[in-house]
Amino acid sequence: MSQMLTIAAETENPLIPPIPELVIGLIAFLIVFGFLAKKLLPNINKVLDERREAIEGGIEKADAAQTEAQSVLEQYKAQLAEARHEAARLRQEAQEQGAVILQEMRAEGQRQREEIIAAGHAQIEADRKAAASALRQDVGKLATDLAGKLVGESLEDHARQSRTIDRFLDELEAKAEAVR
């Protein structure tokens, strides 16, 4: 018996299964494979297709968003450049207007100064004439009083007094001009 066991053990390879088990396993595998191919594989393919479409759609959306963002960025840069140009133009206009206003204010100040100086000269001339007239009268009055005291008679005659005073003052002015 021991020989038989050794012979039977030698004929039977433990790595190779018996044929009926191999056939049953192959049939079971084909049934499971068929079931998976009919039921599960379409669902898996459907999920994979949806996922691929979602990824491709996401990529397309990202590209569209990036393109839109680039467009908005270009518009922003153009608006910024335009705003800077407008600010520079406004600054230049303000400087020009400031220079014009400053020049106008200087001209107005110069005109007012000239008017004040002219008015001052006119006032000084009027005051000089008034002072000269008052001085003539006072000097004339003093001179006639002094002459009346020297002569001993009254020189109250107005016409005579006026001629004497004028002649005296004219002589004084002539001497003063000759000295100059």
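Cut-offs and rules
- Residues numbered from 1 in each chain as written.
- Predicted model: local features only at pLDDT ≥ 70, side-chain atom pairs only at ≥ 80, totals over all residues.
- Heavy atoms only, no water.
- Helix = DSSP H or I, 4+ residues; strand = E, 2+ residues; numbered from the N terminus.
- Buried < 20%, exposed > 50% of the residue type's maximum accessible area, 1.4 Å probe, protein only.
- Areas by Shrake-Rupley, 256 points an atom, 1.4 Å probe, with all protein chains shown as cover.
- Salt bridge = Lys/Arg side-chain N within 4 Å of Asp/Glu carboxyl O.
- Phe/Tyr/Trp six-rings, centres within 6.5 Å; stacked < 30°, edge-to-face > 60°.
- Patch = residues over 30% accessible without salt bridge, like charges linked within 9 Å, V, L, I, M, F, W, Y side chains within 5 Å.
- pLDDT = per-residue confidence, 0-100.
- Lys, Arg positive; Asp, Glu negative; His and termini not counted.
- Charge placed at Lys NZ, Arg CZ, Asp CG, Glu CD.

**Focus: the overall build of the chain**
For the chain, the count of helices and strands is 3 helices and 0 strands. Listing each helix as α and each strand as β along the chain from the N terminus yields α-α-α. Per-residue burial over the chain gives 3% buried out of 180 residues. Accessible surface, the chain: about 16100 Å² in total, of which carbon and sulfur atoms supply 62%.

**A word on the pattern of salt bridges**
Note on pairing: side chains with opposite charge can pair once their charged atoms come close. Taken as a whole and judged by the stated rule, the model has 7 salt bridges. The partner of Asp49 in a salt bridge is Arg52, and the shortest N-O contact between them spans 3.0 Å. In this pair, Asp49 and Arg52 both sit in helix H2 (residues 19-151), 3 residues apart, roughly one turn of the helix. Using a relative accessible area of 45% as the deciding quantity, one classes Arg52 as partly exposed. Of the charged contacts, one joins Arg111 and Glu115 as a salt bridge, the two residues approaching to 2.2 Å between their closest N and O atoms. A residue pair is termed a helical-turn pair when its members lie 3 or 4 positions apart in one helix, as Arg111 and Glu115 do in helix H2 at 4 residues. A relative accessible area of 37% places Arg111 in the partly exposed class. Linked through salt bridges whose partners overlap, the residues forming this network are Glu86, Arg89 and Glu93.

**Looking at the packing of aromatic side chains**
In total, this model carries 1 aromatic pair according to the counting rule given. Each ring, one from Phe29 and one from Phe33, has its centre 6.1 Å from the other, and the planes form 20°; the classification is stacked. On the criterion of helical spacing, the pair formed by Phe29 and Phe33 is a turn pair, its members being 4 residues apart in helix H2.

**Here's the deal with a nonpolar patch on the surface**
A cluster of nonpolar side chains, Val32, Phe35, Leu36, Leu40, Leu41, Ile44 and Leu48, forms an exposed patch at the surface whose accessible area comes to about 610 Å². Mapped onto the fold, Leu41 is located in helix H2.

**Here we look at the confidence of the model for the chain**
Low pLDDT marks stretches whose predicted atomic positions should not be read closely. Mean pLDDT over the chain stands at 84; residues scoring 70 or higher make up 87%. Of all the helices and strands in the chain, helix H1 (residues 2-11) carries the lowest mean pLDDT, 54, while H2 carries the highest, 89.

**A closer look at a negative patch on the surface**
On the surface, Glu50, Glu53, Glu56, Glu60 and Asp63 cluster together into a patch of negative charge. By secondary structure assignment, the location of Glu50 is in helix H2.

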